[in-house]
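# Chain and residue survey
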Amino acid sequence: MKRDPKRRESSRDAGGFIALPWSVLDCAAYMALSMHARALLLEISRQYVRNNNGRLLASRAFMAQRGWKSADMLSKAKRELLDGGFIFETVKGHRPNKASWYAITWQALDTHPDFDQGAASAFRRSAYLDGTPSAMPKPKPTRDELYRKWDTAKTQALVRPTVQGAQQ
């Protein structure tokens, strides 16, 4: 029995999609990422088509078109993704108008003559699997942990140190 071609067309929305393996989503390094870094990972991987891995952009000007307003938040999220091994910088950008290029590490690198020297040989596929929770940034302390820390600091400040033999 043949499939109905009309049903196949309606099985999903038209347009491209992001192929994001479960191994990326389930690894410890991904779990340690901030929400901003996870959102940036989706934005960068959205640019990947077939043969442009290594030429993906995450510049402030490009991301502003996608709704990113804070340059500081963008740079922090980019740093997290680089440190976690999710993206790899193939071209270092510079002023006044040269943007850095990036590659996602769960796909093969599509080499390009404009890559920085040694970038193709330094690229490691699945580098995100090397990221362990201990190598990732520590999570922010909870509110209770902060209160305990502050209470301890207050009580230590209130207690006067005494010098032995100098009591009057």
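Refer to the structure presented above.
A quick note: this is a predicted structure, and the numbers were derived from the prediction, not measured. (Residues numbered from 1 in each chain as written. Predicted model: local features only at pLDDT ≥ 70, side-chain atom pairs only at ≥ 80, totals over all residues. Heavy atoms only, no water.)

### Some words on the nonpolar core
Core analysis: the largest hydrophobic core is formed by 24 residues, its most contacted members being Leu 40, Leu 41, Ile 44, Leu 81 and Phe 86. Core analysis: the next-biggest nonpolar cluster, separate from the first, contains eight residues, Phe 88, Val 91, Ala 103 and Phe 115 among them. (Core = buried A, V, L, I, M, F, W, Y, C linked by side-chain atoms within 4.5 Å. Buried < 20%, exposed > 50% of the residue type's maximum accessible area, 1.4 Å probe, protein only.)

### As for the packing of helix 4 (residues 35-47) against helix 6 (residues 71-84)
Where helix 4 contacts helix 6, the two axes come as close as 8 Å, and the packing angle between them is 80°. Taken together, the axes of helix 4 and helix 6 are roughly perpendicular relative to one another. Contact with helix 4, carried on its side by His 36, Ala 37, Leu 40, Leu 41 and Ile 44, involves Met 73, Leu 74, Ala 77, Lys 78, Glu 80 and Leu 81 of helix 6 and no other residues of that element. Split by residue class, the contact of helix 4 with helix 6 holds eight nonpolar, one polar and two charged. (Axes fitted to C-alpha atoms, helices over the stretch in contact; angles between N-to-C directions. Helix = DSSP H or I, 4+ residues; strand = E, 2+ residues; numbered from the N terminus. Parallel < 35°, antiparallel > 145°, perpendicular 65-115°, else oblique. Contact = heavy atoms within 4.5 Å. Nonpolar A, V, L, I, M, F, W, Y, C, P; charged D, E, K, R; others polar.)

### Notes on the packing of aromatic side chains
Working definition: an aromatic ring pair is given by the centre-to-centre distance plus the angle between the planes. Considering all chains together, one arrives at four aromatic pairs under this definition. Their ring planes at 80° and their centres at 6.3 Å tell us that Trp 101 and Phe 115 sit as a pair that is edge-to-face. On the criterion of sequence distance, the pair formed by Trp 101 in strand 3 (residues 101-104) and Phe 115 in the loop between strand 3 and helix 7 (119-122) is long-range, its members being 14 residues apart. For the pair Trp 101 and Phe 115, a shared accessibility class is recorded, and that class is buried. Through pairs of rings, three or more aromatic residues link up here, namely Tyr 30, Phe 86 and Tyr 128. Over the ring of Trp 101 we find Lys 98; its NZ or CZ atom is 4.7 Å from the centre of that ring. (Phe/Tyr/Trp six-rings, centres within 6.5 Å; stacked < 30°, edge-to-face > 60°. Lys NZ or Arg CZ within 6 Å of the ring centre and 35° of its normal.)

### What to know about the pattern of salt bridges
When the charged atoms of two side chains with opposite charge come close together, those side chains can pair. Evaluation of the coordinates by the stated rule reveals four salt bridges. With its nearest N and O atoms 2.7 Å apart, the salt bridge here joins Arg 66 to Glu 43. With Arg 66 in the loop between helix 5 (60-64) and helix 6 and Glu 43 in helix 4, this pair connects stretches of sequence that are 23 residues apart. We classify Arg 66 as partly exposed; its relative accessible area is 41%. The partner of Asp 130 in a salt bridge is Arg 124, and the shortest N-O contact between them spans 2.2 Å. (Salt bridge = Lys/Arg side-chain N within 4 Å of Asp/Glu carboxyl O.)

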